[in-house]
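Residue-level structure breakdown
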Amino acid sequence: MYTGWPLYKWLPHCPSVDKIAKRSTNVSYTPLALATGNVEIMPNTFTYKIITENHPKEGIRATGVKVRNTWTGIKQELYADCVVIAAGAIETPRLWLNSMLPFNEWVGKGLANHNMDLVTGIFNSKELISIINSPNVGPNVGHTSGARFDYPGLGSILAMGLSPGLTASFSYAISKSGNSPHLDSHSFSKGPVVGKELMELMANYQNSMNLLIVTDDEVVKSNKVSTNPTVTDEHGPVPAISYVPSKNTLRKKKELIKIAGNILLKAGAKKVVHSDWPDGMMIHIMSTMRMGYVVDQNCEAFQVKRLFISDNSVLSNGLGGANPTLTTQALATRTAAIINEKYF
Ligand SMILES: Cc1cc2nc3c(=O)[nH]c(=O)nc-3n(C[C@H](O)[C@H](O)[C@H](O)COP(=O)(O)OP(=O)(O)OC[C@H]3O[C@@H](n4cnc5c(N)ncnc54)[C@H](O)[C@@H]3O)c2cc1C
């Protein structure tokens with residue numbers, strides 16, 4: 001039995017998600033949409049085909065979707081005046097390809113992902129007191145991303161606070177550099193760091209600062225999402241991803257690593273560790289259904305009328321290295337207004 005301070009007195013003063021969350025759609029648009037009474041959310045529902053018809057005036061146009069409930073396996077057809085796909089930059093091209101929509105040489109092509117990396121500076125407590133009047137950097141205090149430096153033409157660098165577990169993996173253990181630590185071309189320690197050295201670095205966790213490298217990744221047509229009819233799941237052929245960073249992307253990334261390491265050294269870091277992340281570490285996945293190539297400036301598919309795309313895949317490139325989500329959300333909001341004007 002709880003005998004301490006009465007919880008019910010405290011709860012009303014708790015910060016609620018709608019008051020403190022960033023403007024994620026579950027606290028912004030979704031409640032507004034549900035309040036209209038015209039929206040139904042169908043969880044566990046996977047769309048596996050876009051339904052189209054050949055209209056005498058409009059040509060090929062979307063009229064609905066085929067969906068499957070992933071819990072019950074029950075399939076359904078849903079019909080609408082317009083269809084909006086927002087399945088993300090991997091699943092959206094998969095859905096186009098599996099629906100056998102008209103051939104477009106740019107569907108799935110041009111995958112950009114900011115080819116990220118991490119550079120970590122380890123500071124000395126005594127020196128920190130003279131620099132910031134504190135013995136710690138405190139990477140687990142405050143916002144997870146605190147400051148950002150944009151370098152047009154190269155990308156951006158973000159100060160990123162990580163928990164101890166993520167620091168051990170992202171800063172030190174995840175690396176494509178081989179089995180033992182060595183120096184990179186800028187003379188920074190290069191991962192992976194394991195064993196005794198990892199323990200020593202983690203003992204300095206409170207004095208470490210991570211800088212995330214977000215490269216202005218070049219759009220290359222051979223970087224792509226494709227499907228192979230022989231590799232399937234219950235929703236049809238699964239997406240296969242090919243990504244090899246271009247020489248130009250690697251050049252930009254190298255420059256950003258050098259700048260980040262020098263920022264840390266000049267700030268007083270006694271050691272700099274460059275993780276050297278694998279190229280497959282993708283969290284900003286973009287540009288596989290690019291505006292101007294697959295969709296028009298309204299995000300409506302050139303070849304399928306009334307079919308709109310409103311996720312990261314329509315971004316024409318990697319935005320110069322900016323985090324993509326707010327741009328995609330802004331674009332989706334604009335697309336909603338355009339659909340309303342054009343078709344309703
Ligand atoms: C660890 C991490 C940290 C990140 N941090 C940041 C950040 O700080 N800032 C930033 O801007 N971005 C960040 N991102 C990127 C951000 O998450 C993406 O930019 C954003 O979520 C992309 O939105 P989207 O709509 O394109 O795709 P998603 O968010 O992936 O949405 C697609 C949705 O469609 C569903 N779906 C897929 N296929 C189907 C189908 N056939 N039928 C029905 N539903 C389907 C999926 O389940 C998913 O819910 C981060 C990502 C990760 C992984």
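This structure is a prediction, so every number in the text was calculated from the model and none was measured. Positions within a chain are numbered from 1, following the residues in the order the chain's sequence is written. Selection of residues for local features in this predicted model requires a pLDDT of at least 70, selection of side-chain atom pairs for listing and counting requires 80 or more, and totals for whole chains, interfaces and linings are taken over all residues.

Note on conventions: DSSP H or I runs of at least 4 residues are helices, E runs of at least 2 residues are strands, and numbering of each starts at the N terminus. A tally of regular secondary structure across the protein chain gives nine helices and 14 strands. Put plainly, a residue is buried at 20 or more neighbouring C-beta atoms within 10 Å of its own, exposed at 12 or fewer, and partly exposed in between, counting only other residues' C-beta atoms, which are placed from the backbone. A buried classification covers 33% of the 344 residues belonging to the protein chain. Two residues qualify as a contact pair if the distance between their C-beta atoms, derived from the backbone, is within 7 Å. Partitioning the intrachain contacts of the protein chain with sequence separation of at least 6 by distance along the chain shows that 69% fall at a separation of at least 24.

Quick look at the site of the ligand now. In the region of the ligand, 16 residues are neighbours, and Ala87, Gly88, Asp311, Asn323 and Thr325 sit closest. At the level of elements, strand 1 (45-55), helix 4 (88-98) and helix 9 (325-343) are the ones that each hand at least two residues to the shell around the ligand. When residues in the shell around the ligand are grouped by element, the largest group, four residues, is from helix 4. Any residue that is not Ala, Val, Leu, Ile, Met, Phe, Trp, Tyr, Cys, Pro, Asp, Glu, Lys or Arg is counted as polar, Gly included; the first ten are nonpolar and the last four charged. Considering only residue class, the shell around the ligand consists of seven nonpolar, seven polar and two charged. Should the C-beta atom of a residue, placed from the backbone, lie within 6 Å of a molecule or strand, that residue is near it.

This part takes up the environment of Leu162. Along the chain, Leu162 falls in the loop between strand 7 (155-160) and helix 6 (164-173). On a C-alpha basis, the gap between Leu162 and Ser185 in space is 26 Å, while along the polypeptide they are 23 residues apart. Beyond its immediate chain neighbours, meaning those up to four positions away, Leu162 contacts Pro139, Thr167, Phe170, Ser171 and Asn210.

Moving on, we come to the domain arrangement of the protein chain. For the domain bounds, the source is a domain assignment made automatically or taken from a database. The assigned domain composition of the protein chain is domain 1 (21-111 + 285-343) and domain 2 (117-220 + 265-274). For domain 1 and domain 2, the distance between their C-alpha centroids amounts to 37 Å. In this complex, domain 1 contributes seven residues to the contact, which on the side of domain 2 involves nine residues. When the residues that make up the side of domain 1 that touches domain 2 are grouped by side-chain class, the tally is one nonpolar, six polar and no charged.

Between two packed helices, both the angle of their axes relative to each other and the distance between the axes serve to describe the pair. Viewed as axis vectors pointing N to C, helix 6 and helix 7 (residues 195-203) meet at an angle of 130°, and their least axial separation amounts to 11 Å. Classified by the angle their axes make, helix 6 and helix 7 are oblique. As for how helix 6 packs across helix 7, the hand of that crossing is right-handed. Residue-level contacts link Pro164, Ala168, Tyr172 and Ala173 of helix 6 to Leu198, Leu201 and Met202 of helix 7. Its residues assigned to classes, the contact of helix 6 with helix 7 comprises seven nonpolar, no polar and no charged. The axes used here are C-alpha line fits, helices contributing only the stretch in contact, and every angle between their N-to-C directions lies in the interval 0 to 180 degrees. In this scheme, roughly parallel covers angles under 35 degrees and roughly antiparallel covers those over 145, while 65 to 115 is roughly perpendicular and the rest are oblique. Throughout, a crossing is termed right-handed when the near helix is turned clockwise from the far one, and left-handed when it is turned anticlockwise from it by less than a right angle.

A pair of strands is labelled paired if DSSP reports no fewer than 2 bridges between them. Spatial ordering of the open sheet is given by 1-2-3, a layout of three strands whose pairing is antiparallel. Only two strands of the sheet have a single neighbouring strand rather than two, namely strand 1 and strand 3 (75-79). Direction aside, the axes of adjacent strands within the sheet are offset by 30° on average. Relative to strand 3, strand 2 (residues 59-69) runs antiparallel, the two sharing five bridges. Its bridge partner lying in strand 3, Lys66 is registered against Glu77.

Turning our attention to the environment of Leu319. As for its placement among the helices and strands, Leu319 is situated in the loop between strand 14 (307-309) and helix 9. A count of 23 C-beta atoms within 10 Å places Leu319 in the buried class. The sequence separation of Leu319 and Ala240 amounts to 79 residues, and the corresponding C-alpha distance is 24 Å. If near-sequence neighbours (up to four positions away) are discounted, Leu319 is found in contact with Pro324 and Thr327.

Another point: unusual backbone geometry. Following Gly191, the chain continues to Pro192 via a peptide bond in cis, the omega torsion being -5°. Along the polypeptide, Pro192 turns up in the loop between strand 9 (189-190) and helix 7. With a phi angle near 70°, His114 is a residue other than glycine that sits in the positive phi range. Considering the arrangement of structural elements, one finds His114 in the loop between helix 4 and strand 5 (117-122). Of note in this structure, Ser187 is not a glycine but carries a positive phi near 65°. Note that Ser187 resides in the loop between strand 8 (182-183) and strand 9. For Ser187, a count of 11 C-beta atoms within 10 Å translates into the label exposed.

Within the sequence span of helix 6, burial applies to Thr167, Phe170, Ser171 and Tyr172. The buried residues of helix 6 occupy an angular sector of 160° when the element is viewed end-on, so they sit on one face. Residues of helix 6 that are buried in the fold lie against strand 5, helix 7, strand 10 (208-215) and strand 13 (271-274). What the arc covers is the set of directions going from the helix axis to the C-beta atoms.

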